[in-house]
Amino acid sequence: MNIDVLAQLATTLEERKAASADSSYVASLHAKGLNKILEKVGEESVETIIAAKDAVVSGDKQDVIYETADLWFHTLVMLSHLDLGPQDIIDELARRFNLSGLEEKANRNK
């Protein structure tokens, strides 16, 4: 994965966050607020799940790629709205890298 793409996208999202709502899709999402952004994340999550299930049957994974890109995009808009960015998530994943998944899950339940 080219992390530079995520950083570039995060920069663009931040720039559009303060733009006029009629100037960009991202600005319009921010203007509508967190609930609208979360609605889009949920919608894209469902579409990604359906695409993955369909890929098992058809063998065609292009829709999975397309829908996952939409999901990541809207998730990045959500993070931006919350004044977070991809680096925050990358840092968390790095923190977990040498941690057993079972151990990490058990620590969450404490």
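Remember, it's a predicted structure, so these values are computed and weren't measured experimentally.

Definitions and limits used
Residues numbered from 1 in each chain as written. Predicted model: local features only at pLDDT ≥ 70, side-chain atom pairs only at ≥ 80, totals over all residues. Heavy atoms only, no water. Helix = DSSP H or I, 4+ residues; strand = E, 2+ residues; numbered from the N terminus. Contact = heavy atoms within 4.5 Å. Areas by Shrake-Rupley, 256 points an atom, 1.4 Å probe, with all protein chains shown as cover. Lys, Arg positive; Asp, Glu negative; His and termini not counted. Charge placed at Lys NZ, Arg CZ, Asp CG, Glu CD. Buried < 20%, exposed > 50% of the residue type's maximum accessible area, 1.4 Å probe, protein only. pLDDT = per-residue confidence, 0-100. Core = buried A, V, L, I, M, F, W, Y, C linked by side-chain atoms within 4.5 Å. Salt bridge = Lys/Arg side-chain N within 4 Å of Asp/Glu carboxyl O. Axes fitted to C-alpha atoms, helices over the stretch in contact; angles between N-to-C directions. Parallel < 35°, antiparallel > 145°, perpendicular 65-115°, else oblique. Nonpolar A, V, L, I, M, F, W, Y, C, P; charged D, E, K, R; others polar.

(A) Broad picture of the overall build of the protein. When helices and strands are tallied, the protein shows 6 helices and 0 strands. Expressed as a percentage of contacts within the protein between residues at least 6 apart in sequence, the contacts between residues at least 24 apart total 57%. In the structure as shown, the protein presents an accessible area of about 7,700 Å², 58% of it carried by carbon and sulfur atoms. Averaged over its 12 positive side-chain charges, the protein has a centre that lies 7 Å from the centre of its 19 negative ones.

(B) Seen up close, unusual backbone geometry. A positive phi angle, close to 60°, is found at Asp83, a residue other than glycine. Tracing the chain through its elements places Asp83 in the loop between α4 (62-81) and α5 (86-96). The exposure class of Asp83 is exposed, given its relative accessible area of 62%.

(C) Expanded view of the side chain of Ser80. Relative to the helices and strands, Ser80 resides in helix α4. With residues near it in sequence (within four places) discarded, Ser80 still touches Leu13, Glu14, Lys17 and His30.

(D) Molecular detail of the confidence of the model for the protein. Chain-level statistics for the protein give a pLDDT mean of 92 and a share of 95% at 70 or above. The secondary structure element of the protein with the lowest average pLDDT is helix α6 (residues 101-108), at 72, and the one with the highest is α4, at 98.

(E) View of the nonpolar core. Counting 11 residues, the largest nonpolar core is built from Leu6, Leu13, Val26, Leu29, Ile37, Val41, Leu71, Leu76, Val77, Met78 and Leu79. Only α1 (3-17), α2 (25-32), α3 (34-58) and α4 provide two or more residues apiece to this core. The leading source of residues in this core is α4, at 5 residues. Setting aside anything within four residues of it in sequence, one finds Leu79 in contact with Leu84, Gly85 and Ile89.

(F) Quick look at the pattern of salt bridges. Applying the stated rule across the entire model yields 7 salt bridges. Its salt-bridge partner being Glu44, residue Lys40 comes within 3.8 Å of it at the nearest N-O pair. Residue Lys40 and its partner Glu44 are located together in helix α3, separated by 4 residues, close to a single helical turn. For the pair formed by Lys40 and Glu44, the shared burial category is buried.

(G) How the structure looks around the packing of α2 against α3. At their nearest, the axes of α2 and α3 sit 5 Å apart, and the two run at 120° to each other. Comparing the axis directions of α2 and α3 gives the class oblique. On α3, the residues touching Tyr25, Leu29, His30 and Lys32 of α2 are Lys36, Ile37 and Lys40. Class assignment of the residues belonging to the contact of α2 with α3 gives a composition of 3 nonpolar, 1 polar and 3 charged.

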